[in-house]
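# Residue-level structure breakdown
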Amino acid sequence: MTVGSTPSRAVVVGTGSRAQMFTEALARRPHLRVAALCDPNPVRIAHHQRLLKEAGEPEAATWSPAEFERRLRADDIQEVVVTCVDALHDGYIVPALRAGCRVVTEKPMTTDAAKCRRILETVGETGNHLTVAFNYRFNPVHEEVHRQLSGGAIGEVLSVHFEWLLDTRHGADYFRRWHREKQHSGGLMVHKSSHHFDLVNWWLGARPEEVFGYGGLGFYGRTAGERSGYRREYERAHGATAARDDPFALELAGNDALRSLYLDAEGVDGYHRDRNVFGDGITIEDDMALLVRYDTGATMTYHLTAYSPWEGYRVMFNGTRGRLELEVEESRWQPPVLGTSSGRGAVHGDQALANAGGPRLVLRPLWEPPREVALPEFGHAGHGGGDERMLDVLYGPVDPAAAGKTAVDGADVPDTRETPDTSDASDTSDASDASRRSATEEDGALALVTGLAANRSFADGKPVATADVVTL
């Protein structure tokens with residue numbers, strides 16, 4: 001498509017908080033048009049219509065989920081973005097692939113093995129591929145880690161130690177909303193840790209083969225809350241006197257976006273975004289420890305904590321020629337904040353957290369003094385800059401001319417249905433360059449299978465072969 005031609009028509013499926021990033025990104029790119037918004041809740045759709053109006057874009061058609069498959073072809077849709085509840089992703093991915101649309105789905109790709117197989121089978125039947133929005137791949141710090149490892153800085157990687165800490169602001173948020181029910185999210189091993197598992201797969205160029213783990217609910221939920229004394233007697237925070245000074249409560253009314261997306265929408269579907277994190281009905285874990293073996297022979301010890309006083313992560317790689325250590329402090333500590341100032345209503349990811357720290361990457365070669373690796377300028381907002389870089393790769397830059405392009409055509413706007421050929425010896429670009437990092441359905445499945453195997457191991461108390469979960 002060249003400048004001045006008809007924009008590609010897109011539908012955004014699921015119009016919650018995360019979907020705002022995609023609605024705004026598509027609206028800012030003249031070669032794309034948000035032609036439709038699909039959601040069972042018209043109040044949330046209306047919020048996204050306002051985003052389009054503010055961007056100077058025309059109102060989109062409104063679809064109910066039941067109309068989705070029929071209207072893909074009737075409305076001439078070329079682009080589909082799936083950002084709905086995780087367990088429902090496959091219901092939109094599969095018909096979109098069959099209709100020949102270009103599909104981008106939020107992580108995780110889906111939440112169970114049967115749905116994963118259905119997606120992979122559809123890819124095989126149609127020859128159409130999809131992209132999983134693993135934005136952490138696009139974080140420049142993570143790119144530098146990839147560069148160090150792929151360049152042989154520590155030789156062959158033999159083991160990885162990975163600790164991810166969610167503080168009591170971010171971590172608690174998964175226990176307020178639909179993510180707290182494993183049937184909807186797959187639990188944090190699927191919804192959250194798929195990001196981390198994808199990073200390790202990409203960093204090592206490896207595939208997980210066996211997983212063993214322990215997981216439990218020890219901090220959130222009624223029983224733990226009563227034991228610790230953190231529990232207050234309310235079901236949801238809005239209108240509850242007991243929630244007014246509760247550091248674990250989320251205030252919806254004080255933020256325009258949260259009020260518009262959730263509080264005003266409750267009358268349609270009854271969904272409460274601000275439930276008590278120490279309430280009943282929580283079926284996901286808040287503390288999880290894994291041991292993973294990869295096809296390269298490397299192993300990983302992994303721990304996810306969802307109730308930490310600080311937010312960030314440490315990942316260490318041990319190799320035949322040394323050790324590489326990354327530490328990122330996204331928040332050194334969190335005050336008891338009851339709301340969010342994010343214009344998108346995002347509790348995390350959209351803005352830098354209070355008391356943000358920084359990243360540090362240290363290379364420790366054998367028989368040499370350790371040295372700190374220079375890192376690019378780092379900002380915590382937008383997932384370390386990963387969101388905007390990912391959007392540029394997926395949809396092209398907002399201003400193609402500013403990026404050195406003369407036209408917006410098929411070569412300039414990335415089409416992830418084709419995997420770039422990196423075998424040309426004359427190509428001198430870095431192997432971790434952003435244009436090569438978009439995750440396919442295979443990457444989505446490889447990240448998912450670690451989490452699914454972990455969930456099975458939590459239940460059975462035994463190691464689980466990934467091939468017994470999903471064959472890839």
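Under an unreviewed UniProt entry, the name given to the protein chain is Gfo/Idh/MocA family oxidoreductase, and the source organism is Streptomyces malaysiensis subsp. samsunensis.

In this section: the side chain of T110. For T110, the location among the structural elements is in the loop between β5 (102–106) and α5 (113–126). Excluding its chain neighbours within four sequence positions, the residues that come into contact with T110 are D86, D90, K115, C116, I119, V190 and L448.

Residues in a regular strand point their side chains to alternate faces of the sheet. Every second residue of strand β4 (residues 79–82) is oriented toward a common face, with E79 and V81 on one face and V80 and V82 on the other, all of them buried. When strand β1 (residues 8–13) meets β4, the two strands line up parallel, connected through 4 bridges. The residue bridging V13 from the neighbouring strand is V82, located in β4. The pairing of β4 with β5 spans 4 bridges and is classified as parallel. By the bridge assignment for β5, V80 is matched with V103. With helix α4 (residues 90–98) bridging β4 and the parallel β5, this β-α-β connection has right-handed handedness.

To continue, consider the pattern of salt bridges. Between side chains of opposite charge, pairing is possible as soon as their charged atoms come close. Applying the stated criterion across every chain yields a total of 39 salt bridges. A salt bridge links R118 to D90; its shortest N-O distance comes to 2.9 Å. Linking R118 in helix α5 with D90 in helix α4, this pair joins segments that are 28 residues apart in sequence. As a salt-bridge pair, E325 and R323 come within 2.5 Å of each other at their nearest N and O atoms. One salt-bridge network, in which partners are shared between bridges, spans E67, R70, R71 and D75.

Here the residue pair K107 and P108 is connected by a cis peptide bond, since its omega of -15 degrees sits within 30 degrees of zero. In this fold, P108 is placed in the loop between β5 and α5. The phi dihedral of D76 is positive, around 55 degrees, even though this residue is not glycine. Its place among the elements puts D76 in the loop between α3 (68–74) and β4. Non-glycine residue W367 carries a positive phi angle of around 65 degrees.

Membership of the largest hydrophobic core comes to 88 residues, with the highest contact counts inside it found for V11, F68, V80, W203 and F317. Ranked by residue count, the leading element in this core is helix α16 (residues 441–460), at 8 residues. The residues touching F317, leaving out its near neighbours within four places in the chain, are V145, L149, I154, V157, S159, V160, W203, L204, G322, R323 and L324. Grouped together as the second largest cluster of nonpolar side chains are 23 residues, L26, M390, V393 and L394 included.

Basis of the calculations
- Numbering of residues starts from 1 in every chain and runs along the sequence as written.
- Totals for whole chains, interfaces and linings use every residue, but because this is a predicted model, local features are given only for residues with pLDDT of at least 70 and side-chain atom pairs only at 80 or more, for both listing and counting.
- Calculated side-chain values reflect all of the structure's heavy atoms, with hydrogen atoms and water omitted.
- Counting from the N terminus, the helices are DSSP H or I runs at least four residues long and the strands are E runs at least two residues long.
- Every residue pair with non-hydrogen atoms within 4.5 Å of one another is taken to be in contact.
- Per-residue accessibility, obtained with a 1.4 Å probe over protein chains only, is compared with the maximum for each type, and a residue is labelled buried under 20%, exposed over 50%, and partly exposed between these values.
- Two strands pair if DSSP finds at least two bridges between them.
- Handedness of a crossover is defined as follows: orient the strands so they point away from the viewer, and if the path from the first strand over the helix to the second runs clockwise, the crossover is right-handed.
- We define a salt bridge as a side-chain nitrogen of Lys or Arg found within 4 Å of a carboxyl oxygen belonging to Asp or Glu.
- Each nonpolar core is a collection of buried residues, namely Ala, Val, Leu, Ile, Met, Phe, Trp, Tyr and Cys, held together in the definition by side-chain atoms within 4.5 Å.

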